[in-house]
Amino acid sequence: MVFGWLCLALPGHAQVSANFQSEDSRAQRDRGPTTSLPDSGRYVSETGQGFILDRSNTGTLMRFDRSTEVWVLRPSPAPRGDVIFRNDAGDQVLRVTPNGGMTLYTTAAPQGAPVSLAGPAPELLAPTLTAFQLMDFILRQSDRATRAVGELIVVDMNIQPGSESVATDALSTAVDAIVRMARSPSLRRDVSRVRMIIITDVGPRQVSFSRGTLRIVIDPDAGFAGRPSSARIVRVISETE
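Residues numbered from 1 in each chain as written. Predicted model: local features only at pLDDT ≥ 70, side-chain atom pairs only at ≥ 80, totals over all residues. Heavy atoms only, no water.

J.: Please give an account of the packing of helix α2 (residues 131-149) against helix α3 (residues 164-183) that cites residues and values.
T.: Remark: α2 packs on α3, axes separated minimally by 9 Å, with the N-to-C direction vectors making an angle of 15 degrees. One element, α2, and the other, α3, form an angle in the roughly parallel class. Crossing of α2 over α3 shows left-handed handedness. The segment α2 lies against α3, with L134, F137, I138, Q141, R144, A145, A148 and V149 engaging E164, T168, L171, S172, V175, D176, I178, V179 and A182. When the residues that make up the contact of α2 with α3 are grouped by side-chain class, the tally is 11 nonpolar, 3 polar and 3 charged. (Axes fitted to C-alpha atoms, helices over the stretch in contact; angles between N-to-C directions. Helix = DSSP H or I, 4+ residues; strand = E, 2+ residues; numbered from the N terminus. Parallel < 35°, antiparallel > 145°, perpendicular 65-115°, else oblique. Left-handed = near helix turned anticlockwise from the far one by under 90°. Contact = heavy atoms within 4.5 Å. Nonpolar A, V, L, I, M, F, W, Y, C, P; charged D, E, K, R; others polar.)

J.: I'd like a rundown of the environment of S192, residues and numbers included.
T.: Within the element layout of this structure, S192 appears in the loop between α4 (188-191) and β10 (196-200). For S192, a relative accessible area of 29% translates into the label partly exposed. Note: C-alpha distance between S192 and V149 (43 residues apart in sequence) is 5.7 Å. Polar side-chain contacts of S192 include one of 2.6 Å to the backbone oxygen of R189. (Buried < 20%, exposed > 50% of the residue type's maximum accessible area, 1.4 Å probe, protein only. Polar contact = N/O pair within 3.5 Å; in protein donor to acceptor, adjacent residues only side chain to side chain.)

J.: Tell me what's going on with the nonpolar core, and back it up with residues and numbers.
T.: Grouped together as the largest cluster of nonpolar side chains are 34 residues, with contacts concentrated most on L171, I197, I199 and I216. Put simply, the parts of the chain that give this core at least two residues each are α2, β9 (154-158), α3, β10, β11 (206-210), β12 (213-217) and α5 (230-239). Top contributing element to this core by residue count: α3, with 11 residues. Counting residues in each nonpolar core, the second largest holds 17 residues, with M62, W71, V96 and A231 among its members. (Core = buried A, V, L, I, M, F, W, Y, C linked by side-chain atoms within 4.5 Å.)

J.: Give me the lowdown on the pattern of salt bridges, citing residues and values where you can.
T.: Side chains that carry opposite charge are capable of pairing whenever their charged atoms lie near each other. One pass over the full model with this rule turns up 9 salt bridges. Of the charged contacts in the structure, one is a salt bridge between D82 and R80, with a shortest N-O distance of 3.8 Å. With relative accessibility at 5%, the residue D82 sits in the buried group. In this structure, R227 and D169 form a salt bridge, with 2.6 Å as the shortest nitrogen-oxygen distance. Of the two residues, R227 is situated in the loop between β12 and α5 and D169 in helix α3; the sequence distance between them amounts to 58 residues. Residue R227 shares its accessibility class with D169, and that shared class is buried. Ionic contacts of the salt-bridge type, sharing partners, join the residues R80, D82 and R95 into one network. (Salt bridge = Lys/Arg side-chain N within 4 Å of Asp/Glu carboxyl O.)

Right, here's the structure in full:
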C-alpha cells in the first residue's frame, strides 16, 4: 500500500513542488536582500559619537558614551531592504542597510552619520541597589531634578520587592529628561511645571503628566523595556497643556 500511494502521489507532488518553488522565488524577490543586523559591540560615528550596542539577548539595547541611559530600540522594515531602529518615542536612531552598513541619527547629526565598529563592549545590565542605597539614590535624584528646575521636586517611589532595578532606572531616566529640558530654551517653560515624580509598579505600564505630577508605571518583568525613555518623557511633558 505504501508503494501504491507513492506512485499515485508523485505527479501531484511534482506539480506542488514546482508551484512551491515558483512562489518561493517570487517571495524572495518581493522581500529583497536580507539585511545583516549589527553585532554587539562598541561603535563610533564619523562625528565622534560613540555608543554600545547590545544584542546579546532578545532585544536591542544601546547606550551612548558619557550617558547612563540605556535605550531600547525596536526594528522595523524600510525601503530597499533597510532596517530602521527606533526608540519608544518613534524617533529614528539607527538605520542598517542589507550589507550591514549603519547610520546613526542624533540631534547633532539629524541627517545621519556613518558608523563603524570600534571593538567589543560589555553587556548592558540594569543597576542593583540595596535598600539603603535606594533611599540615598532617591534623595540624590530629587536634588538633581530640583537644582535643574529651580523648584522643589519630590520623588515618591511605591514599588514591590523585586522592582528596584527597573524603578531606579526609570527614576534616573526621568531626571535625565528633566535636566535636558531645563537646559533647552524651548522646553524650560514646560519642565518648570514639574513638582513631583511618582514611580510605581501598580497598574499597566504607562507615563503621564498632570497637574505637576510626572507618573511612571513600570513593568519590572520587562527590564529596560519596562520603563519609558527620556525622549518619550520629554514628549509627554512638553505636549501636556
